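# Descriptive analysis of the structure
Each chain, letter by letter, is given below.
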Amino acid sequence: MKAKVQSVIEEIRPNLQADGGDIELVDVTADGVVKVRLKGACHGCPGAAMTLKMGVERLLKSRIPEITAVENVG
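Residues numbered from 1 in each chain as written. Predicted model: local features only at pLDDT ≥ 70, side-chain atom pairs only at ≥ 80, totals over all residues. Heavy atoms only, no water.

A few words now on the side chain of Glu57. Note on placement: Glu57 falls in helix α2 (residues 48-63). Overall, the relative accessible area of 11% leaves Glu57 in the buried class. In contact with Glu57, other than residues within four places in its own chain, are Leu52, Ala69 and Val70. (Helix = DSSP H or I, 4+ residues; strand = E, 2+ residues; numbered from the N terminus. Buried < 20%, exposed > 50% of the residue type's maximum accessible area, 1.4 Å probe, protein only. Contact = heavy atoms within 4.5 Å.)

Another aspect to go through is the pattern of salt bridges. Taken as a whole, this structure holds eight salt bridges when the rule is applied. One salt bridge connects Glu11 with Arg63, and the closest N-O pair in it is separated by 2.9 Å. A residue pair is termed long-range when its members are at least 10 positions apart, and Glu11 in helix α1 (residues 2-18) and Arg63 in helix α2 qualify at 52 residues. The exposure class assigned to Arg63 is partly exposed, which follows from its relative accessible area of 44%. One salt bridge connects Glu57 with Lys61, and the closest N-O pair in it is separated by 3.7 Å. (Salt bridge = Lys/Arg side-chain N within 4 Å of Asp/Glu carboxyl O.)

Attention now goes to the confidence of the model for the protein. Of the residues in the protein, 100% have a pLDDT of 70 or more, and the chain-wide mean is 92. The spread of mean pLDDT over the elements of the protein runs between α2, the lowest at 91, and strand β1 (residues 21-28), the highest at 95. (pLDDT = per-residue confidence, 0-100.)

Before going further, it helps to spend a moment on the pairing of strand β3 (residues 69-72). Taken together, the four bridges between strand β2 (residues 33-40) and β3 define a ladder with parallel strand orientation. The residue of β3 that forms the bridge with Val33 is Ala69. With α2 bridging β2 and the parallel β3, this β-α-β connection has right-handed handedness. (Pairing = 2+ DSSP bridges. Right-handed = clockwise from strand over helix to strand, strands pointing away.)

Right under this line is the structure:
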């Protein structure tokens, strides 16, 4: 499942990089929680939580139904 998640994140990365940010996959737990690290302009950005939930999490859940949540581990 981690490879599938990484593939979706690679699709998202150019959008974040265009705004000076980035995202790194840290882990995928056995219960479907994806742990990521937001970097660059995304780190500490007030809109990062919305990007994470409404963008990254929504896309991952739609592509990989086993995903239960996405968390930023800083």
